[in-house]
Amino acid sequence: MAERITGHTELIGLFAYPIRHSGSPAMHNEAFAWLGLDYAYLAFEVDNDTLEDAIKGLRALKMVGANISMPNKIQVCKYMDKLSLAAELCGAVNTIVNENGVLTGHITDGTGFMRALNDNRIDVIGKKMTMVGSGGAASAIQVQAALDGVAEISVFNIRDKFWDKAEAMVKKINDKTDCKVTLYDLADLDKLKSEMADSYLFTNATGVGMKPMEGQTYIPDASFFRPELIVADIIYAPAETKLLSMAKEAGCKTMNGMGMLMFQGAASFELWTGKEMPIAHMKEVLGI
């Protein structure tokens, strides 16, 4: 790493807390080195209390940009000069691009998911998707899927304190896109089963299936699946969740979250550098 740092090296940051566990610095710096680009990507422990100062620092240091992760994705919006349409609809940002002092906020989580589908030869455009979840990643997927041309999305969520937020997101997508989005109570398993029955794709966009909920799934039994249904999970550790294991046994094509992780990073990479991330090389590095 030190051998390629020069007086011209451009800096990109990752602002989140906690963040020392992140694999993003290794991924981006490997891609920079592979392409011979004079950039460096570093992680900084930034929470809501220090976020404003961090954004001021980004401007002052003329950083190329930054990734934003929890707990800052929503809070950072108010410090942006502009927002992409997807970021505006989501009300969240995970990528900042600094163009001569003008900061534009983007959200690439949904882009990452859609590109991962395409990479796996899964074409949901013009078709129906059913998904569980309405949190940050789920909302980004819903927004990007709608913008890309998915015809219909059935969203299932627990009727908890975030239900109103989920309703507002669904209304926003229906108002701003041509996609028909409907919100259902996850407690209605009969409805979930019927919506999955005429869907092209089913997606788990919650944390159920990863630690500390490893081995769990919202799907009660194999009767919810049919061989023609494609099943995706945004979780990448473990590589095969209980949901994906059940779906495979039922004859479904499946996809885990590793591709989404890589392609959302690739979308950020392209926004900063104007170049495509070396996907074939990164797949080897990440073991995809």
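Owing to the predicted nature of the structure, the values given are computational and were not obtained by experimental measurement.

Engineer: Please give an account of the packing of aromatic side chains that cites residues and values.
Structural biologist: If you walk through the whole model with that rule in mind, you get five aromatic pairs. An aromatic cluster of at least three residues, connected via ring pairs, comprises Phe32, Tyr39 and Phe269. When the ring centre of Trp163 is taken as origin, the NZ or CZ atom of Arg159, which lies over that ring, is 4.2 Å away. Residue placement shows Lys193 over the ring face of Phe224; its charged tip is 5.4 Å from the ring centre.

Engineer: Give me the lowdown on the environment of His281, citing residues and values where you can.
Structural biologist: Structurally, His281 is set in helix 10 (residues 279-286). With a relative accessible area of 13%, His281 lands in the buried category. Spatially, the C-alpha atoms of His281 and Glu30 are 9.4 Å apart, while their sequence positions differ by 251 residues. The contacts of His281, once residues within four sequence positions are left out, are Glu30 and Trp34.

Engineer: Summarise the sheet that holds strand 2 (residues 39-45); cite the residues concerned and give the values.
Structural biologist: Here six strands make up an open sheet; going across it, the order is 2-1-3-5-6-4 and the pairing mixed. The sheet is open, and its two edges are formed by strand 2 and strand 4 (82-83), each paired on a single side. Where strand 1 (residues 10-16) meets strand 2, seven bridges bridge the pair, whose relative direction is parallel. Following the sheet pairing, Glu10 is matched in strand 2 by Tyr39. Taken strand by strand, helix 2 (residues 48-60) contacts strand 1, strand 3 (65-68), strand 5 (95-99) and strand 6 (102-106), and its axis lies near 35 degrees from that of strand 5.

Rules of the game
Residues numbered from 1 in each chain as written. Predicted model: local features only at pLDDT ≥ 70, side-chain atom pairs only at ≥ 80, totals over all residues. Heavy atoms only, no water. Phe/Tyr/Trp six-rings, centres within 6.5 Å; stacked < 30°, edge-to-face > 60°. Lys NZ or Arg CZ within 6 Å of the ring centre and 35° of its normal. Helix = DSSP H or I, 4+ residues; strand = E, 2+ residues; numbered from the N terminus. Buried < 20%, exposed > 50% of the residue type's maximum accessible area, 1.4 Å probe, protein only. Contact = heavy atoms within 4.5 Å. Pairing = 2+ DSSP bridges. Axes fitted to C-alpha atoms, helices over the stretch in contact; angles between N-to-C directions.

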